Amino acid sequence: MSENSTNGGYIARDWTRQPAAYTPGYKTTVKRSPQAALLSFPTTLSEETSPVFGHGIIGELDNDLIHNFAKPGESAIGPRIIVYGRVLDETGRPVPGALLEFWQANAGGRYRHAKEGYIAPLDPNFGGCGRMITDENGSYEFRTIQPGPYPWPNGMNDWRPAHIHFSIFGHGFAQRLITQMYFEGDPLIPLCPIARVLNDQRAIDDLTAPLDMNRTVPMDARAYKFDIVLRGRRQTYFENRKEGL
Ligand SMILES: [Fe+2]
């Protein structure tokens, strides 16, 4: 029997999988981690219930980063991939209607952002952002190019593994989760100070999408599978909140 089918009750999350807020190896946490006891503010009714989006906001190319910023007839430079998976709750049930947003560097490891300082060139046909809403099975899929690794000012020579950032919106304004996905086989993952704050190989593995040759489109794109679990002991690690939607 899988741990997802043991009963219909609440499956407690595993607190031991969460990293400490203060992790000096990831320098930014020194200033960002709380220095005093946390205060709890009750949420308002509108924060919990107000809808923030509808299906009408999704454009035809929003889940195709190869083309959604490209000139007509052109496409982004880089290894073409499909990223797909499901958003699931703690019992393995699908979460339909969740808004997924994703953003990433281009194939050379550079973001299209005013404060980006890496010397790798911009790709005029690549914006680096997309979005879609999960279907009735909790499924999502988008096409993109595989992002490149990039250096960042942390230690003397730190590089981020290739990764895609994800935001997941639920049905209320306050329901937002943020995480990032890595790629199977990337030798930079175990060296990354951000990935290393997790201190738990299972949590890092949950953030690492395996290559899925069955979903590959021959002569077109490779495929990577990334499921997102919102709560419970199999929960995906989220950067902004410890609990799911
Ligand atoms: Fe990034």
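Read on for a plain summary of the structure.

What counts and how
- Residues numbered from 1 in each chain as written.
- Predicted model: local features only at pLDDT ≥ 70, side-chain atom pairs only at ≥ 80, totals over all residues.
- Helix = DSSP H or I, 4+ residues; strand = E, 2+ residues; numbered from the N terminus.
- Rg over C-alpha atoms; globule rule 2.2 N^0.38 Å.
- Buried ≥ 20, exposed ≤ 12 C-beta atoms within 10 Å, placed from the backbone.
- Pairing = 2+ DSSP bridges.

The number of helices and strands found in the protein is 4 helices and 11 strands. Compactness check: the protein gives a C-alpha radius of gyration of 19 Å against a globular reference of 18 Å for 245 residues, within 12% of the reference. Here the C-alpha coordinates of the protein stretch approximately 50 × 45 × 40 Å along the principal axes. Counting every position in the protein, which comprises 245 residues, the buried fraction comes to 28%.

Bringing the sheet that holds strand β2 (residues 99–103) into the picture now. With mixed pairing, 5 strands are arranged side by side in an open sheet as β3-β2-β7-β8-β9. For this open sheet the edge positions go to β3 (129–133) and β9 (208–209), each flanked by a neighbour on one side alone. Of the strand pairs in this sheet, β2 and β3 are connected by 5 bridges, and their pairing is antiparallel. If you follow F102 over to β3, its bridge partner there is G130.

Across 7 bridges, strand β7 (residues 163–169) lies against strand β8 (residues 176–183) in antiparallel orientation. Looking at β8, one finds that I164 is bridged to M181. Linking two consecutive strands that pair antiparallel, namely β7 and β8, is a turn of 6 residues. Pairing of β8 with β9 involves 2 bridges; the strand directions are parallel.

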